[in-house]
Amino acid sequence: MQRKRLAVFISGRGSNMEAILRATQDDSYPAEIAIVISDNEDAVGLETAVDADIAAFAFERKDYASKADHEAAIIETIDENNIDLICLAGYMRLLSGDFTQRYANTLINIHPSLLPKHKGLDTHERAIKAGDKIHGCTVHYVSEEMDGGEIIAQAEVPVLNDDTPDTLAARVLVEEHKLYPSTIAKLCAD
Ligand code: GRF
């Protein structure tokens, strides 16, 4: 089996990246993390990647004159590394239309809500305020519209009466860590 080569994009903690990494440790998993890219050189997840002997790159926006230049540097690294699938995992920067179109069928994200509900930030707080009984997470293709691309897979989580944004986030994160690796496996097996 030729394993598919993943690029995982992070900005911080990187717990979804770690969940993907754990899944790839099984020889039957159809993908491997080839590179990790961050827009934040202090992202904790970069250390995790380096400890796992994965090539890790930080591209800080402030080091480039324009968004296009920043993305051009990232694109060069992706294309040099023969990447099959780009997985955004807590990557906090919006990608341009040029970028999303270039990788239209090979660029996915995990979002902590049941899209199309609660696009954007603070999803757990908004789900509680809206009185949602069911919340969850979504893996979707990335298009130019933030959190608006085609939905690939979702996992549901009940909202409990005494939930705070933090307790709900923790319960959703457990599902994210299962949904993202399993969805990537399905995409890479096809
Ligand atoms: C996750 O909740 C993910 O759904 C969202 O950002 C968070 C990233 O967490 N896009 P981590 O960096 O993977 O721990």
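Description of the structure in this document. None of the values given here were measured: they were computed from a predicted structure.

A closer look at the nonpolar core
- By size, the foremost hydrophobic cluster in this structure holds 35 residues, and its most contacted members are Leu6, Val8, Ile33, Val36, Tyr180 and Ile184.
- Residue contributions to this core peak at 7 residues, all from helix 6 (residues 165-189).
- If we skip the residues at most four places from it in the chain, Val8 touches Met17, Ile20, Ile33, Ile35, Val36, Ile37, Cys87 and Ala89.
- One finds Ala73, Leu95, Leu107 and Val142 within the second-largest nonpolar core, a separate group that totals 19 residues.

A short note on the pairing of strand 4 (residues 85-88)
- Residues of strand 4 alternate between two faces, with Leu85 and Cys87 on one and Ile86 and Leu88 on the opposite face, all of them buried.
- As defined by bridge partners, strand 1 (residues 4-10) adjoins strand 4 across 4 bridges and the pair is classed as parallel. Bridging across to strand 4, Phe9 finds its partner in Leu88.

Here we look at unusual backbone geometry
- That bond from Leu115 to Pro116 is cis: its omega, 10°, falls within 30 degrees of zero.
- Within the secondary structure layout, Pro116 lies in the loop between strand 5 (107-111) and helix 5 (123-129).
- Despite not being glycine, Asn82 has its phi angle at roughly 50°, a positive value.
- Positive phi, close to 55°, is recorded for Asp147, a residue that is not glycine.

Focus on the site of the ligand
- Close contacts around the ligand come from Arg13, Gly14, Ser15, Asn16, Gly90, Ile110, His111, Pro112 and Glu176, and that covers them all.
- Separating an oxygen atom of the ligand from a side-chain N or O atom of Ser15 is a distance of 2.5 Å.
- Here Glu176 contributes a side-chain N or O atom positioned 2.6 Å from an oxygen atom of the ligand.
- The protein chains hide 84% of the 370 Å² of surface that the ligand would expose on its own.

Quick notes on helix 2 (residues 44-51)
- Within helix 2, burial applies to Gly45, Leu46, Thr48 and Ala49. Within helix 2, the buried residues cover an arc of 160° as seen down the axis, which keeps them to one side. In helix 2, those exposed residues whose orientation departs by more than 90 degrees from the buried face are Val44, Glu47 and Asp51.
- Summarising the contacts, the buried residues of helix 2 are in contact with strand 1, helix 1 (15-24), strand 2 (31-38) and strand 3 (55-58).

Things to note about the sheet that holds strand 5
- An order of 3-2-1-4-5-6-7 is seen for the 7 strands of this open sheet, with the pairing classed as mixed. Looking at the sheet topology across the chains shown, the edges are occupied by strand 3 and strand 7 (151-158). Sheet twist, expressed as the average angle between the axes of neighbouring strands with direction ignored, equals 20°.
- Taken together, the 4 bridges between strand 2 and strand 3 define a ladder with parallel strand orientation. Paired with Val36 across the strands is Ala56, a residue of strand 3.

Notes on the pairing of strand 5
- Taking burial as the measure, the 5 residues of strand 5 include 5 buried ones, the bulk of the element.
- With burial as the criterion, each face of strand 5 is covered, one bearing Leu107, Asn109 and His111 and the other bearing Ile108 and Ile110.
- Pairing between strand 4 and strand 5: 3 bridges, direction parallel. Pairing of Ile86 across the sheet is with Leu107, part of strand 5.
- Regarding topology, helix 4 (residues 97-102) serves as the crossover connection from strand 4 to the parallel strand 5, and that connection is right-handed.

The rules behind these values
- Residues numbered from 1 in each chain as written.
- Predicted model: local features only at pLDDT ≥ 70, side-chain atom pairs only at ≥ 80, totals over all residues.
- Heavy atoms only, no water.
- Core = buried A, V, L, I, M, F, W, Y, C linked by side-chain atoms within 4.5 Å.
- Buried < 20%, exposed > 50% of the residue type's maximum accessible area, 1.4 Å probe, protein only.
- Helix = DSSP H or I, 4+ residues; strand = E, 2+ residues; numbered from the N terminus.
- Contact = heavy atoms within 4.5 Å.
- Pairing = 2+ DSSP bridges.
- Near = heavy atom within 4 Å.
- Polar contact = N/O pair within 3.5 Å; in protein donor to acceptor, adjacent residues only side chain to side chain.
- Areas by Shrake-Rupley, 256 points an atom, 1.4 Å probe, with all protein chains shown as cover.
- Arc of directions from axis to C-beta.
- Axes fitted to C-alpha atoms, helices over the stretch in contact; angles between N-to-C directions.
- Right-handed = clockwise from strand over helix to strand, strands pointing away.

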